[in-house]
Amino acid sequence: MNSALPRRAPARTLAQKLLARASGRAHVAVGEIVTCSVDLAMFHDSSGPRRLQPMLQALGAQVWDRSRIVLVIDHYVPERDDDSRRIVRIARDWARDQQLPHVYDSQGICHVVLPQNGHIRPGMLCVGGDSHAPTGGAFGAYMFGVGSTEMLGVLVTGEIWLRVPETVQMWWDGALLAGVSAKDMMLHMIGRFGMNGGRYQAVEFAGPAVAALSMQERMTLSNMSAELGAQAGLIAPDETTAAFLAAAAAPPVDIAPWCTDEDAERTRHRFDASTLEPHIAAPHSPANSHSVRRYAGMPVDVAYIGACTGAKLDDLRAAARVLRGHKAAAGTRLIVAPASLRDQEQARAEGVLQVLIDAGAELLPTACGACSGYGAPMGDGITVISTTARNFKGRMGAPSAQVYLGSPYTVAAAALRGHVTDPREVLA
């Protein structure tokens, strides 16, 4: 008598597992259009109430679930003019009228504040009203950015449709050398594949060098998957993830299911972290990325350590390692804008913030600030080296400003010497 063998479940990528769960299905295939339930919707003062409120009123619609909405006021604070005051007032009034339970006003940048307060967890599907929303992928969540019209649909229905993407796995062997960071990994990948290299794919970062990264360094990878053109930037959760979430008082989650099956179909690119050099992206694109050696000796007017990509606690620690006991070079302005109040206070408690201040740093508020061209924009004709994610013309102020991107190590080394310097020279 013949007995039928049990059918083996098809191998799946992490992206497929996350989208299958969100769409209530056992399996989803690349290219399928699926309707997913949204676990969390985040927006900020720039992308949120000032755009969404009039559309909701025009529809006569109500928000589907206030407990699943997070509003972060981070772009136009502190208010510096009538326009910013108007935008922030709209956000605050709407949050009060809607009785939103999760509002973070002037607490830091949304992509850092969300995970620090336990909102992003493995297995979730989340949307954000900001292009760097893929930061949530560092926690094994499927998170991506949407525009105001799509966000309106989510707010009313709690659902969103999307096409199941292909997975491209960026596999990093080896270990990073001292003075080399996740920002250098990203600039190297963007330089190789370009800003449209992701092509709406789910980019997954994996391998021993990724597993060795702290959570905040992993957040940098997922954050800048937006610059690769990816829809999502995923990292499978592990004990490092679990420890971070426990410290954030997040509800416990089983992390075991959220990984790519070994024989799942995906494209893999391999890199050796042990040979990676510090990188710099020259104006006016993150894809214009090369070894720091190409620009060594180039004078800089401003060294900016800020933004969700480059001013988290680990980033501030990295800059302090370079600057400890030293002063920024005469004629070079060092600006530090921590990514969140929590990171700023921890940096203060550790003495990291004092190291930066002793080096001559001007401390700016914990907000998006100059990264979005607000608050302290760069002036005409100056050369800036920045830890931010983008250096498009006019992004940080004057279109004539020349903005270079680097890691916190590299930016701090440039501040110290007054010109572009390989940070490994200083650390040695």
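In what follows, the accompanying structure is described. Not measured: the values here are computed from a predicted model.

**What about the overall build of the protein?**
- Along the protein, the regular secondary structure elements total 14 helices and 18 strands.
- Against the compact-globule benchmark of 22 Å for 428 residues, the protein has a radius of gyration of 21 Å, which places it among compact chains.
- Each principal axis of the C-alpha distribution contributes one length, and for the protein these read about 85 × 55 × 40 Å.
- Taking all 428 residues of the protein together, the buried fraction comes to 58%.
- Restricting the contact set of the protein to residue pairs at least 6 apart, pairs at least 24 apart contribute 76%.
- Just so you have it, the protein exposes about 16400 Å², and 50% of that area is on carbon and sulfur atoms.
- Separation of charge centres in the protein, based on 40 positive and 41 negative side chains, amounts to 1 Å.

**A look at the pattern of salt bridges**
- Summed over the entire model, instances satisfying the criterion amount to 23 salt bridges.
- Of the charged contacts in the structure, one is a salt bridge between Glu32 and Arg25, with a shortest N-O distance of 2.8 Å.
- Glu32 gets classed as partly exposed once you look at its relative accessible area, which sits at 27%.
- The exposure class assigned to Arg25 is partly exposed, which follows from its relative accessible area of 35%.
- Linking Arg218 and Asp238 is a salt bridge whose minimum nitrogen-to-oxygen distance equals 2.9 Å. Placement of the pair is Arg218 in helix α8 (residues 215–223) and Asp238 in the loop between β10 (232–234) and α9 (239–247), with a sequence separation of 20 residues.
- What makes Arg218 buried here is its relative accessible area of 1%.
- Residue Asp238 is classed as partly exposed on the basis of its relative accessible area, which comes to 23%.

**Brief notes about the layout of surface pockets**
- A volume near 310 Å³ is recorded for the largest pocket.
- Those elements that place two or more of their residues in the lining of the largest pocket are α8, α9, α10 (313–323) and α11 (341–350).
- Grouping the constituent residues of the lining of the largest pocket by class yields 6 nonpolar, 4 polar and 4 charged.
- Quantified by volume, the second largest pocket comes out at close to 250 Å³.
- Considering the residues around the second largest pocket, the lining is formed by 18 residues, among which Trp171, Glu204, Ala206, Gly207 and Ala236 are closest to the centre.
- Residue assignment for the lining of the second largest pocket shows that the elements contributing at least two residues are β8 (167–173), β9 (202–206) and α7 (208–211).
- Among the elements that line the lining of the second largest pocket, the one with the most residues is β9, at 3 residues.
- Here the lining of the second largest pocket is composed, by residue class, of 9 nonpolar, 3 polar and 6 charged.

**Some thoughts on the packing of aromatic side chains**
- Inspection of the entire model under this criterion finds 6 aromatic pairs.
- Centre to centre, the rings of Phe43 and Trp94 are 6.0 Å apart; their planes meet at 55 degrees, and the pair counts as tilted. Placement of Phe43 in strand β2 (residues 40–44) and of Trp94 in helix α3 (residues 82–98) is noted, with a sequence separation of 51 residues between them.
- The exposure class assigned to Trp94 is buried, which follows from its relative accessible area of 3%.

**Brief notes about empty space enclosed by the protein**
- A complete count under the given rule lists 3 cavities of 30 Å³ or more for this structure.
- What lines the second largest cavity is Met42, Cys110, His111, Leu114, Pro115, Ile120, Ala133, Thr135, Gly136 and Met143.
- Broken down by element, the lining of the second largest cavity gets its largest block of residues, 4 residues, from helix α4 (residues 110–116).
- Considering only residue class, the lining of the second largest cavity consists of 7 nonpolar, 3 polar and no charged.

**Some words on the sheet that holds strand β6 (residues 142–145)**
- Pairing within the open sheet is parallel, and its 5 strands lie in the order β4-β3-β2-β5-β6. If you trace the sheet from one side to the other, it starts and ends with β4 (103–105) and β6, each paired once. Adjacent strand axes in the sheet meet at a mean angle of 15 degrees, parallel and antiparallel pairs treated alike.
- Across the sheet, α3 is in contact with β2, β3 (69–73) and β4; its angle to β3 comes to roughly 150 degrees.

What counts, and where the lines are drawn
- Residues numbered from 1 in each chain as written.
- Predicted model: local features only at pLDDT ≥ 70, side-chain atom pairs only at ≥ 80, totals over all residues.
- Heavy atoms only, no water.
- Helix = DSSP H or I, 4+ residues; strand = E, 2+ residues; numbered from the N terminus.
- Rg over C-alpha atoms; globule rule 2.2 N^0.38 Å.
- Buried < 20%, exposed > 50% of the residue type's maximum accessible area, 1.4 Å probe, protein only.
- Contact = heavy atoms within 4.5 Å.
- Areas by Shrake-Rupley, 256 points an atom, 1.4 Å probe, with all protein chains shown as cover.
- Lys, Arg positive; Asp, Glu negative; His and termini not counted.
- Charge placed at Lys NZ, Arg CZ, Asp CG, Glu CD.
- Salt bridge = Lys/Arg side-chain N within 4 Å of Asp/Glu carboxyl O.
- 1 Å grid on protein atoms, 1.4 Å probe; cavity = no way out; pocket = protein on both sides within 12 Å on 5 of 7 lines; lining within 4 Å.
- Points joined across faces, edges and corners; volume = space filled by probe spheres on them.
- Nonpolar A, V, L, I, M, F, W, Y, C, P; charged D, E, K, R; others polar.
- Phe/Tyr/Trp six-rings, centres within 6.5 Å; stacked < 30°, edge-to-face > 60°.
- Pairing = 2+ DSSP bridges.
- Axes fitted to C-alpha atoms, helices over the stretch in contact; angles between N-to-C directions.

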